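# Chains, contacts and geometry: an overview
The residues making up each chain are set out below.
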Amino acid sequence: MNQIDLSRVDLNLLVTFDVLMTERSVTRAAARLGRTQSAVSHSLARLREQLGDPLLVKLGSGMAPSPFAQRLIDDVQPILRSIRRAISPPEPFDAATSRRVFRVAIADFAPTLLPRVVADVQRRAPGVAVEWAAPNLQTMTAIAESQLDIALVASTVSLPEGVQRQAAGDEQPVTLARKGHPAIASWGAQAWTRWPHIQVQLGERIRGEVERAVSEQGLTRTIGATIPNFSQIPALLAQTNLLATMTPLVVNGDLEQFGLVALEPPVPIRPTSFCFVWSFRLENDPGSRWFRERVIEAFCGLQRDVAAKVRGLPMVKVKADQASSGRRKRRR
């Protein structure tokens, strides 16, 4: 089978050929294309030379296609339609009428985020649905393959090719406990290591900043409960002597509501850094971009609200003698 070298063919001539096959007239084709008759005739002559076929010949007051031209147009027209679709600007997203389903993966360490996002989406786009999932081992693959519109992950997660990211800020942990917890009276590193802690075990095991701090300080932390999500933490803390060292987003900063108090972590813990991620292929998709804005705006607003609440909390500080004792113990 003979193969034509496409590098020698001006593919723009196929647009002229398509119009000529429809109009069957150089005059009408020129008018439709906004070109001169001589320019259209020249394009036809070039295409005839490149393809080695007369394509269209004058017949009476019009032009008749050759058998090759008739076969060619059947293949060319679908290709041209595909190209037009590919390079056309995306259709604008109409929130008021859309029936689209958006998918997001964010752990429930901020339990009030989901209601914020869904309420905002429903107010703006009543026909839109939101599918919310917890991150897992397949999250980054799902993001790269555009199966998710957006996810929130730790900044330490390695990103595959084709994934966009946007910083989501840092979360400084606090230690949470029930009011009247026995550790409060002598709060310090010894109490923090003595009393058992809650640990959240997500699907993707990444060493967190609390575990890193424990290791760097040469301490041993007792784990009293390992759970799969954050939503159970307030009830566990309220009904036990467990401790939890994590972002105050877990309780939305409303410690009074759950009968909890905030304690200053007695060991230096670096804040946890988060980022939003999405597929490069969805970067300019109007609908996905609209939904990303809703999620990011809601999360940033939640962060500001909780930070303001935490600033007003009576934080339990590390006792001076306990801090000195903790430092002596680490030096030994």
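Conventions used here
- Residues numbered from 1 in each chain as written.
- Predicted model: local features only at pLDDT ≥ 70, side-chain atom pairs only at ≥ 80, totals over all residues.
- Heavy atoms only, no water.
- Helix = DSSP H or I, 4+ residues; strand = E, 2+ residues; numbered from the N terminus.
- Polar contact = N/O pair within 3.5 Å; in protein donor to acceptor, adjacent residues only side chain to side chain.
- Contact = heavy atoms within 4.5 Å.
- Pairing = 2+ DSSP bridges.
- Axes fitted to C-alpha atoms, helices over the stretch in contact; angles between N-to-C directions.
- Buried < 20%, exposed > 50% of the residue type's maximum accessible area, 1.4 Å probe, protein only.
- Lys, Arg positive; Asp, Glu negative; His and termini not counted.
- Salt bridge = Lys/Arg side-chain N within 4 Å of Asp/Glu carboxyl O.
- Right-handed = clockwise from strand over helix to strand, strands pointing away.
- Phe/Tyr/Trp six-rings, centres within 6.5 Å; stacked < 30°, edge-to-face > 60°.

## Digging into the side chain of T175
Among the structural elements, T175 can be located in strand β7 (residues 174–178). Separated by 3.4 Å, the side chains of T175 and W192 make a polar contact. In this structure the side chain of T175 is engaged in a polar contact, spanning 2.9 Å, whose partner is the side chain of T245. When residues no more than four places from it in sequence are discounted, the contact partners of T175 are W187, W192, L243, A244, T245, V261, A262, L263 and P265.

## Let's talk about the sheet that holds strand β5 (residues 150–154)
Ordered in space as β4-β3-β5-β12-β6, the five strands form an open sheet in which the pairing is mixed. Edge strands, defined here as strands with exactly one partner in the open sheet, are β4 (129–133) and β6 (163–171). With strand direction ignored, the average angle separating the axes of adjacent strands in the sheet is 20°. Each of β3 (101–105), β4, β5, β6 and β12 (272–279) is contacted by helix α11 (residues 286–311), which is oriented at about 45° to β3, the strand it contacts most.

## Details of the side chain of D53
Assignment of secondary structure puts D53 in the loop between α3 (37–51) and β1 (56–59). Buried and unpaired, D53 has no salt bridge, with R71 as the nearest side chain of opposite charge at 6.6 Å. Within the structure, D53 has its side chain in polar contact with the backbone nitrogen of L55 (distance 2.8 Å). Apart from the residues lying within four places of it in its own chain, the contact partners of D53 are R48, S66, F68 and A69.

## Brief notes about the pairing of β3
Inspection of the sheet shows β3 paired to β4 by five bridges, in the parallel sense. Note on β4: the bridge partner recorded for A105 is A133. With helix α5 (residues 113–124) bridging β3 and the parallel β4, this β-α-β connection has right-handed handedness. Summarising the sheet, β3 and β5 pair through two bridges and their orientation is parallel.

## A word on the packing of aromatic side chains
For the structure on display, the rule yields eight aromatic pairs. Ring plane angle 70° and centroid distance 6.2 Å describe the contact between F109 and F230, whose orientation is recorded as edge-to-face. In this pair, F109 is assigned in the loop between β3 and α5 and F230 in the loop between β9 (223–227) and α9 (233–239), connecting sequence segments 121 residues apart. Just as F109 is buried, F230 falls in that class too.

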